[in-house]
Every structure is written in structure tokens, then in C-alpha cells.
Amino acid sequence: MSISEGAKFAWRGVTANKARSALTMLGVMIGVAAVIILVAVGTGASKSVTDTLNSLGTNTLTVTPGSNSGFFGGLRLGGSGGSDSESGTSTREANLTMTDAEALADPELAPDVKYVAPVVSAASVTATLGGTSHSVGSTIGSTPVYLVISNDVVTHGRAFSQSDFDSHSRVLLVGPTVAKGLVGGDGTAVVDRVIRLNGKEFTVIGILDAKGSSGPQDSDDRIIAPATAVQDHLAGYGNLSSISVQATSAETVDAAQTQIEAILDARHRTTADDRDFSVTNSATFLDAASSITGIFTILLGAIAAISLLVGGIGVMNIMLVTVTERTREIGIRKAIGASRADITFQFMLEAVILSVLGGVAGILFGYLVCQIEISGFRAVIEPGSVALAFGFALAVGLFFGIYPATRAASLRPIDALRYE
């Protein structure tokens, strides 16, 4: 029997019971679609995290008060500082100051540090304009170089200057979410308008570029203003929330971190064992995030592969039923000259057709689902996952079609003809 004749017999077998074949293909389709969709979700999550971290630059560092260990409630246990005569311990509040930031900008002590920006955060800030109010997600006070370090661009209006910082000018930059929340439309009408932050008047001089959302957090719901004005009217003259630093290049990040730690150790009289500050760099976050999301993606793919395996078992089950139903047909074909190989090829091909058609339908369904955007997040289809899912579906058809095909080919003609 030729290949074309075997294909015709296989196709007739598949279409003989359309409903059963459709349900069999549905199992494969769901498995293939699940692999594509879940891997795409993992890839999309990885891309979202990577883009967010890359937007900060790969040569940026952040200094925050408090160490990664040895702190409780912002206080250090042990070390130097005021003593407690009853407990025999001493405590010292972890803090960063403007003079710390100025020290880090010393080109002699920190030659690999390019820019330094002190950061002051104000909590629970409400912006109002006329009868409209908006609760701001993030309010930051800093210097003009903060915009350079954080890769922020002013799309409308202008950025605040060093003279604005020095003169404590009540000017600010708003994110697109804040702008639209106050004036509606595209938000551009808010430029040069006077708004109130917790009752204090500030003039909007520019709108920041859109950075989108990172999960549930809206990165555009923010305000950036001169740190002096934020301290005057919103945050008070306390310690800094953090210090943002940019190294001279991605290659000098580690050297810059070492220099920062040395400067602050000298100023705070600490050592590597009892620091009251932490220095982190975006490259470390990026590596950790990539590792976590990579494991997450593999886990999702493995879970989806189980559903594809279940679909393959469904193919084998249906093929076994088909062999039983068509026992007399097999006997007649073998009686008129069909060989064992012909019967095996026919039933193997039927299983492969079911798997391939289900795989193609799964690819199309998975692609359509991945086009849906939810809360600013969209899954990213990985071409390798499509090829892997389709190849696995084909392998499922071959593997789970072997036993039914072999069973059909092993039937003796006389026994098959007697079967009722």
C-alpha cells in the first residue's frame, strides 16, 4: 500500500466519527495552548521586570538607611552610640543626611561616582486643582541630576534647575497619571498651573515621560520636586529616604560601590559587620530577577506540559476504542492482502493527524489569548515554546499511537473476521 492510500484510510478513520475526533483534538489543543500561554506569561513577567530595572540604568546604585541584618524597627542593636545602662546594649538610629550625599560626590574619594542625588520622600500627599483632587502614589524631592540618574525625560514643559533647588522654588514635575487625574484628557493642560499639595501651592512646570505599570504599581503616578521645597512644605527637615548614585559606567559599578561603602563607613564609624546603611545596584537586582523569573517560567511550562500529557493519553484511549470498533475492518483488509506494516502505518497516522490538528488549533488559540492585555501586562510569546509545544504534540501522537497501532496490526485475520 502506498503512502497516499494509507493517508486516505487514516483520514477516513479520523472523519468517521467527527465528534469523538474533535473532543480528542480538544485535549491536545488545550495542552498546547497551555504551554504557549503559561510560558508567554512567564516571559512577559520577566520582560516587564527587566524593562523596569533597565529603565533605571545598569550603572545605578541606591544607598538606603539600615543594613540587611541587625536592625529592628530602624534601630541598631549593639555597636557605638548612646548606651542603655540597664540592658548593657547601645542603640543608634540608622540615617542618611545631605552631608553624606555631598561626601559621596567628592571626586577624589569616589572617582568612579559620576552623579549623586539625595532623595526625600513625602507620604500621603494629595494634589488638588480646583474641585479635583488626586492621591499621589509617590512624591520625591531631589536635585536636578536625579532625573539623569533615573533616566527620566520631561515631555512637556521643562525640568527644574539647580537654581530652583537652591532658591527652594515650589515647582514640580508630574507623571502622566497625576496630570490626567487633575485636568483630564492627555494631561498637558496642567503645565504652568498652580496646584496644591496637602494645601501648599506648587507650580507644575513639566510632565514626565510615561513609564507604564510594573504589576499593580503605577510608575506614572508620581511627583518629583526640588528636595528643598519638599522638605520645607511636605516632608520636614529630617533624614534622607535614600541616595541615588550613578557610576561612571556599567563596568565601574562594583568599584563605585566599594568607594561609597568606604566613605560612609568612615563618616558613620561603622565596618562591614555593623553598617547602618545598605548599598544595592541595579545589576544585582537584574540578575536576581532574571533568575527568579526564569525558574518561574520553567515551572509554568512544566505544569502546562502535564495537560499536554493528559491530552496524549486521551489520544491513546480513543485510538484503542477505534481499534476495537474496527476489528472486522482490520480483518477484511488483512484478508485481502494488507500487511502488518500497512495497518500499523494507518493507525499511527490517525493518531498523528489528531495530534497535529489539535496542536495547530492550540497554537492559534494560544496566540489569540496572548494578545489580551490585562492591567498593562501582556504575555510575550516565546517562539521556542511554540516549536516545543507543537513538536511535543507530534511526539505525543507518535508515542501514544504506537500501542493501539501495534495492537491493530497484531490481530489475526480469522479472529478479526469472527469479531462481533
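Residues numbered from 1 in each chain as written. Predicted model: local features only at pLDDT ≥ 70, side-chain atom pairs only at ≥ 80, totals over all residues. Heavy atoms only, no water.

### Description of the overall build of the chain
A tally of helices and strands in the chain yields 13 helices and 19 strands. Counting every position in the chain, which comprises 420 residues, the buried fraction comes to 43%. Residue pairs at least 24 apart in sequence account for 77% of intrachain contacts in the chain once pairs closer than 6 positions are excluded. (Helix = DSSP H or I, 4+ residues; strand = E, 2+ residues; numbered from the N terminus. Buried < 20%, exposed > 50% of the residue type's maximum accessible area, 1.4 Å probe, protein only. Contact = heavy atoms within 4.5 Å.)

### A look at the environment of Met29
As for its position among the elements, Met29 is in helix H2 (residues 18–55). C-alpha of Met29 to C-alpha of Gly366: the two residues are 337 residues apart in sequence and 9.1 Å apart in space. When near neighbours in sequence (up to four residues on either side) are disregarded, Met29 contacts Gly358, Ala361 and Gly362.

### Topic: the environment of Arg340
Mapping Arg340 onto the fold places it in helix H11 (residues 340–370). Owing to a relative accessible area of 48%, Arg340 belongs among the partly exposed residues under this scheme. Along the chain, Arg340 and Ser410 lie 70 residues apart, while their C-alpha atoms are 7.2 Å from each other. For Arg340, the contacting residues outside a window of four places in its chain are Thr406, Ala409 and Ser410.

### So, the side chain of Ser242
In this fold, Ser242 is placed in strand E16 (residues 242–247). Residue class for Ser242 comes out buried when judged on its relative accessible area of 12%. Sequence-distant contacts of Ser242, defined by excluding residues within four places in its chain, comprise Thr62, Val63, Thr64, Leu96, Ala117, Pro118 and Val119.

### Regarding helix H12 (residues 383–409)
With 27 residues, H12 should cover 39 Å at 1.5 Å per step; its first-to-last C-alpha distance of 38 Å lies within 8% of that length. Buried residues of H12: Ser385, Ala389, Ala393, Val396, Gly397, Phe400, Gly401, Pro404, Ala405, Ala408 and Ala409, and no others. (Expected span 1.5 Å × (residues − 1).)

### Observations concerning the packing of H11 against H12
Between H11 and H12, the shortest axis-to-axis distance is 7 Å and the interhelical angle comes to 150°. Considered as vectors, H11 and H12 are oriented roughly antiparallel to each other. As for the relative orientation of H11 and H12, their crossing is right-handed in sense. Per-class residue counts for the contact of H11 with H12 are 18 nonpolar, six polar and one charged. (Axes fitted to C-alpha atoms, helices over the stretch in contact; angles between N-to-C directions. Parallel < 35°, antiparallel > 145°, perpendicular 65-115°, else oblique. Left-handed = near helix turned anticlockwise from the far one by under 90°. Nonpolar A, V, L, I, M, F, W, Y, C, P; charged D, E, K, R; others polar.)

### What to know about the side chain of Thr252
Tracing the backbone through its elements, the reader meets Thr252 in the loop between E16 and helix H8 (253–268). A polar contact is formed between the side chain of Thr252 and the backbone oxygen of Ser249, at a distance of 3.0 Å. Beyond its immediate chain neighbours, meaning those up to four positions away, Thr252 contacts Asp112 and Ala247. (Polar contact = N/O pair within 3.5 Å; in protein donor to acceptor, adjacent residues only side chain to side chain.)

### Brief notes about the confidence of the model for the chain
Across the chain, the average pLDDT comes to 80, with 83% of residues at or above 70. Within the model, pLDDT remains below 50 along residues 70–91, and this stretch shows 34 contacts once partners closer than five positions in the same chain are excluded. (pLDDT = per-residue confidence, 0-100.)

### Side note on the nonpolar core
With 45 residues, the main nonpolar core has Val63, Leu104, Leu172, Val174, Leu197, Ile243 and Val245 as its most contacted residues. In terms of residues, this core owes the most to one element, H8, which gives five residues. Once residues within four sequence positions are removed from consideration, Leu172 is found in contact with Ile195, Leu197, Phe202, Thr203, Val204, Ile205, Gly206, Ile223, Ile224 and Ala225. Among the nonpolar cores identified, the runner-up in size contains 26 residues, and Val32, Ala338, Ile343 and Ala351 belong to it. (Core = buried A, V, L, I, M, F, W, Y, C linked by side-chain atoms within 4.5 Å.)

### Some points on unusual backbone geometry
One non-glycine residue, Ser124, lies in the positive phi region at around 55°. Unlike most non-glycine residues, Asn151 shows phi in positive territory, near 55°. Tracing the backbone shows Asn151 in the loop between helix H4 (145–149) and strand E9 (154–157). Assessed through its relative accessible area of 38%, Asn151 is described here as partly exposed.

### Describing the pairing of strand E8 (residues 138–142)
Side-chain direction in a regular strand flips from residue to residue, so the side chains alternate between the two faces of the sheet. Most of E8 is tucked away: four of the five residues are buried. The pairing of strand E5 (residues 113–122) with E8 spans three bridges and is antiparallel. Residue pairing for E8: Ser121 is matched across the bridge by Ile140. Pairing analysis gives five bridges linking E8 to strand E15 (residues 222–226), with the strands arranged parallel. Following the sheet pairing, Ser142 is matched in E15 by Pro226. (Pairing = 2+ DSSP bridges.)

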